[in-house]
Amino acid sequence: MCQFISFFHNPKTGEIKVHDLNSHSNTSDALNLNLNYWREGHYLPNGKIIARVLSTDFQTEKQATFKIRENFPEFKDFFVWSLKQIGTEKQFSDSLDLSGLTNAEGLKPPQTVGGWLDLRDLTNAK
């Protein structure tokens, strides 16, 4: 299992794709991504963004991360967008690893979660 939220990004276009928020391989298979162009990434509940790139890519990891943060300044923004992309705003069939998230203000989780929900670092649940 990958770190939550798993995504793919295209360093040349800046496009982001999500499908299975817990698995890169399930996402690449389901979306039939050409991995010559798409790179793995994670947006973690603690706000850290990992946007892997190759040395031959159009952008550096720092540039790719900056672009993602420009569009999604906080984890909650990316989380809500991701759920909408995969159509699970109301019901999420898998587990949600939100460990590392300390403030849930403005976060809109699904109404139901099919697996476990990890909120161990949450200190503000407004």
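A. Region of interest: helix H1 (residues 24-31). Taken as a whole, H1 has its buried residues at His24, Thr27 and Ser28. The buried residues of H1 occupy one face: seen down the axis, they fall within an arc of 95 degrees. Downstream of H1 by one or two residues, Asn32 has phi in the positive range, about 50 degrees.

B. Just the sheet that holds strand E2 (residues 16-17), in detail. With antiparallel pairing, four strands are arranged side by side in an open sheet as E2-E1-E3-E4. The open sheet has two free edges, formed respectively by E2 and strand E4 (49-51), since each of these has just one partner strand. Pairing of strand E3 (residues 39-43) with E4 involves three bridges; the strand directions are antiparallel. Each bridged residue has a counterpart across the sheet, and for Gly41 the counterpart in E4 is Ala51. Running over the sheet, H1 touches strand E1 (6-9), E2 and E3 and is turned about 50 degrees from E1.

Criteria and thresholds
- Residues numbered from 1 in each chain as written.
- Predicted model: local features only at pLDDT ≥ 70, side-chain atom pairs only at ≥ 80, totals over all residues.
- Heavy atoms only, no water.
- Buried < 20%, exposed > 50% of the residue type's maximum accessible area, 1.4 Å probe, protein only.
- Helix = DSSP H or I, 4+ residues; strand = E, 2+ residues; numbered from the N terminus.
- Arc of directions from axis to C-beta.
- Pairing = 2+ DSSP bridges.
- Contact = heavy atoms within 4.5 Å.
- Axes fitted to C-alpha atoms, helices over the stretch in contact; angles between N-to-C directions.

Read these as geometric descriptors, not functional statements.
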